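# Structure assessment
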Amino acid sequence: VQLQASGGGLVQAGGSLRLSCGASGRGLYAMGWFRQAPGKDREFVAAISWGGRSTKYADFVKGRFTISRDNAKNTVYLEMNSLNPEDTAVYYCAAGRSGAVTSADYSYWGQGTQVTVSS
């Protein structure tokens, strides 16, 4: 499975971005988004089951970010609203079997897309 994340960029505080993650390869996977800010560990952001019925979010993004997927397009999205400078990080998409919150549960990773939020 190969993953390609896109949609990052520079946005002002309070703004929005939508990240996309295109997947190629066979199999049904739960998908997750993680992020890593400079000098910090990679952290869980959101996950969605392979069918899209179950989602999980980190507490710091609840109510601001929405994860969704379009299996017909093999694409997962992360809609990010009310962005603040603390959201600045490289965002990674990942594919795994369980849709867990720990990065170790994901077998495949995209290359990451930079999100920068200016104050």
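Look above for the structure.
Residues numbered from 1 in each chain as written. Predicted model: local features only at pLDDT ≥ 70, side-chain atom pairs only at ≥ 80, totals over all residues. Heavy atoms only, no water.

## Considering the state of the cysteines
This structure, assessed with the given rule, holds 1 disulfide. The disulfide that involves cysteine 21 links it to cysteine 93, with 2.1 Å between the sulfurs. When the S-S torsion is 65°, as for the bridge of cysteine 21 with cysteine 93, the disulfide is right-handed. Residue cysteine 21 is located in strand S3 (residues 17-24), and its partner cysteine 93 is located in strand S9 (residues 89-96); the two are separated by 72 residues in the primary sequence. Of the residues examined, cysteine 21 reaches a relative accessible area of 0% and is grouped as buried. The buried category is assigned to cysteine 93, whose relative accessible area is 1%. (Disulfide = S-S within 2.5 Å. Helix = DSSP H or I, 4+ residues; strand = E, 2+ residues; numbered from the N terminus. Buried < 20%, exposed > 50% of the residue type's maximum accessible area, 1.4 Å probe, protein only.)

## Remarks on the nonpolar core
Inside soluble globular proteins, nonpolar side chains tend to come together where they are buried. If you look at the biggest cluster of nonpolar residues, it comprises 32 residues, and the most contacted ones within it are Trp33, Val45, Phe65, Leu78, Met80 and Tyr91. For this core, the secondary-structure elements that each account for two or more residues are strand S1 (2-6), S3, strand S4 (30-36), strand S5 (43-48), strand S7 (65-70), strand S8 (75-80), S9 and strand S11 (113-118). Dropping the residues within four chain positions of it, valine 45 is found in contact with Trp33, Phe34, Arg35, Lys56, Tyr57, Ala58, Val61, Phe65, Leu78 and Tyr91. (Core = buried A, V, L, I, M, F, W, Y, C linked by side-chain atoms within 4.5 Å. Contact = heavy atoms within 4.5 Å.)

## What to know about the pairing of S8
Counted residue by residue, S8 has 5 buried out of 6 residues, so it is predominantly covered. As paired elements, S3 and S8 share 6 bridges and run antiparallel to each other. Each residue of the ladder has a partner; that of arginine 18, found in S8, is glutamate 79. (Pairing = 2+ DSSP bridges.)

## Thoughts on the pattern of salt bridges
Evaluated as defined, the whole model comprises 4 salt bridges. Of the charged contacts, one joins arginine 35 and glutamate 43 as a salt bridge, the two residues approaching to 2.7 Å between their closest N and O atoms. The salt bridge partner of aspartate 59 is lysine 62, with a shortest N-O separation of 3.2 Å. Residues joined in a network through salt bridges with shared partners are Arg35, Glu43, Arg64 and Asp87. (Salt bridge = Lys/Arg side-chain N within 4 Å of Asp/Glu carboxyl O.)

## Digging into the pairing of S5
Of all 6 residues in S5, 5 are buried; the element is thus mostly enclosed. As defined by bridge partners, S4 adjoins S5 across 5 bridges and the pair is classed as antiparallel. If you follow tryptophan 33 over to S5, its bridge partner there is alanine 46. Between S4 and the antiparallel strand that follows it, S5, lie 6 residues; glycine 39 among them carries a positive phi value of about 75°.

## Topic: the environment of leucine 17
Following the sequence through the fold, leucine 17 ends up in strand S3. Measuring from C-alpha to C-alpha, the distance between leucine 17 and threonine 102 comes to 24 Å, with 85 residues separating the pair along the chain. The residues touching leucine 17, leaving out its near neighbours within four places in the chain, are Gly7, Gly8, Gly9, Val11, Leu78, Glu79, Met80, Leu83 and Val115.

## Digging into the sheet that holds S3
In space, the 4 strands of this open sheet follow the order S1-S3-S8-S7, with antiparallel pairing throughout. For this open sheet the edge positions go to S1 and S7, each flanked by a neighbour on one side alone. Here the strands of the sheet are splayed against their neighbours by 15° on average, with no regard to which way each runs. Where S1 and S3 come together, 5 bridges link them in antiparallel fashion. Directly across from glutamine 4, in S3, lies its bridge partner glycine 22. (Axes fitted to C-alpha atoms, helices over the stretch in contact; angles between N-to-C directions.)

Everything listed is a geometric property; what it means functionally is a separate question.
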